[in-house]
Amino acid sequence: MQFTGSDRWEPTSLSSFLGNLPELLGALAAERHAVVAIAEFEDFRYVQVLVDDGWIEAEVISNTNVPDHNALTSTQEQLLERAGWLPPGDRSPNWLKIGFGAESIFSIAAALADATVRILGQRPSGNEGEVRVKTFPVFERRRRHESKA
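Computed from a prediction, not measured in an experiment: that's the story for all the values here.

Enquirer: Can you walk me through the overall build of the protein chain in this structure?
Expert: What the protein chain contains, in helices and strands, is four helices and six strands. In the protein chain, the succession of α and β elements from N to C terminus is β-α-α-β-β-β-α-β-α-β. Its C-alpha atoms give the protein chain a radius of gyration of 15 Å, within 12% of the compact-globule value 15 Å for 149 residues. The buried share among the 149 residues of the protein chain stands at 44%. In the protein chain, of all internal contacts separated by at least 6 residues, the share reaching a separation of at least 24 is 70%. In the structure as shown, the protein chain presents an accessible area of about 8,100 Å², 51% of it carried by carbon and sulfur atoms. The average position of the 15 basic charges and that of the 21 acidic charges among the side chains of the protein chain differ by 3 Å.

Enquirer: Any chance you could explain the sheet that holds strand S5 (residues 95–100) here in plain terms?
Expert: By definition, the strands of a sheet pair up through backbone hydrogen bonds, in either a parallel or an antiparallel sense. Read from one edge of the open sheet, six strands run S1-S6-S2-S3-S4-S5, paired in antiparallel fashion. On the outer flanks of this sheet lie strand S1 (10–12) and S5, each paired with one strand and no other. Strand-to-strand, the axes of this sheet are offset by a mean angle of 20°, without reference to chain direction. By the bridge criterion, six bridges tie strand S4 (residues 55–60) to S5 in an arrangement that is antiparallel. From the neighbouring strand, Ile56 faces S5, where its bridge partner is Gly99. Here helix H4 (residues 105–119) sits on the sheet and contacts strand S2 (34–41), strand S3 (46–52), S4 and S5; the angle it forms with S4, its principal contact strand, is near 5°.

Enquirer: How do you make sense of the pattern of salt bridges when you look at a structure like this?
Expert: Under the criterion given, the structure shown has four salt bridges. Note that Glu10 and Arg8 form a salt bridge whose closest N and O atoms lie 2.2 Å from each other. Residues Arg45 and Asp43 are paired through a salt bridge, measuring 2.8 Å at the closest nitrogen-oxygen approach.

Enquirer: I tried to follow the packing of helix H2 (residues 21–30) against H4 on my own but got confused; where do I start?
Expert: In a packed pair of helices, the relevant descriptors are the angle between the two axes and the axis-to-axis distance. Between H2 and H4, whose axes approach to 9 Å, the crossing angle comes to 130°. One finds that H2 runs oblique with respect to H4. Our pair here, H2 against H4, has a crossing hand that is right-handed. From H2, Leu21, Pro22, Leu25, Gly26 and Ala29 reach across to H4, where they touch Ile105, Phe106, Ile108, Ala109, Leu112 and Ala113. Here the residues of the contact of H2 with H4 sort into ten nonpolar, one polar and no charged.

Enquirer: It is not clear to me how the environment of Gln76 should be interpreted in this structure. Could you clarify?
Expert: Along the chain, the position of Gln76 falls in helix H3 (residues 74–82). Residues Gln76 and Glu57, 19 residues apart in the sequence, show an inter-C-alpha distance of 20 Å. Ignoring anything within four residues of it in the chain, the contact list for Gln76 reads Arg45, Ala71, Ile119 and Leu120. Only 2.8 Å separates the side chain of Gln76 from the backbone nitrogen of Thr73, close enough to count as a polar contact.

What counts, and at which threshold
Residues numbered from 1 in each chain as written. Predicted model: local features only at pLDDT ≥ 70, side-chain atom pairs only at ≥ 80, totals over all residues. Heavy atoms only, no water. Helix = DSSP H or I, 4+ residues; strand = E, 2+ residues; numbered from the N terminus. Rg over C-alpha atoms; globule rule 2.2 N^0.38 Å. Buried < 20%, exposed > 50% of the residue type's maximum accessible area, 1.4 Å probe, protein only. Contact = heavy atoms within 4.5 Å. Areas by Shrake-Rupley, 256 points an atom, 1.4 Å probe, with all protein chains shown as cover. Lys, Arg positive; Asp, Glu negative; His and termini not counted. Charge placed at Lys NZ, Arg CZ, Asp CG, Glu CD. Pairing = 2+ DSSP bridges. Axes fitted to C-alpha atoms, helices over the stretch in contact; angles between N-to-C directions. Salt bridge = Lys/Arg side-chain N within 4 Å of Asp/Glu carboxyl O. Parallel < 35°, antiparallel > 145°, perpendicular 65-115°, else oblique. Left-handed = near helix turned anticlockwise from the far one by under 90°. Nonpolar A, V, L, I, M, F, W, Y, C, P; charged D, E, K, R; others polar. Polar contact = N/O pair within 3.5 Å; in protein donor to acceptor, adjacent residues only side chain to side chain.

Right, dumping it as structure tokens:
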């Protein structure tokens, strides 16, 4: 996989991003070190994924670190909770969904696509720059998981 680096965004269409989510997660999972992919939308909300040693941690923006606390409406927060996303807390300041192993790639990809379209309301606009994506390795980070069991 070729990384963009942590300071370089690559524009893509929303359709391409959503259609390639399983492939992106599979490529991230194949890396030998922790890697991150962040997708930022035109309204500056985002989803991101960290893959490390078989663990896949998907996140959706929350109101926690947003100055005016309006990244998500209360309805969107309720939809995320009903869809099985863990609310912001000690593990992450964002909404969180965790999977392990290759068998979780498709369910995490489906959850990210659902959060992007149904909950965050992102829609194709015919503009090829609808999503900015960056991917990069993370060489030093505190593990958020204790074991694989």
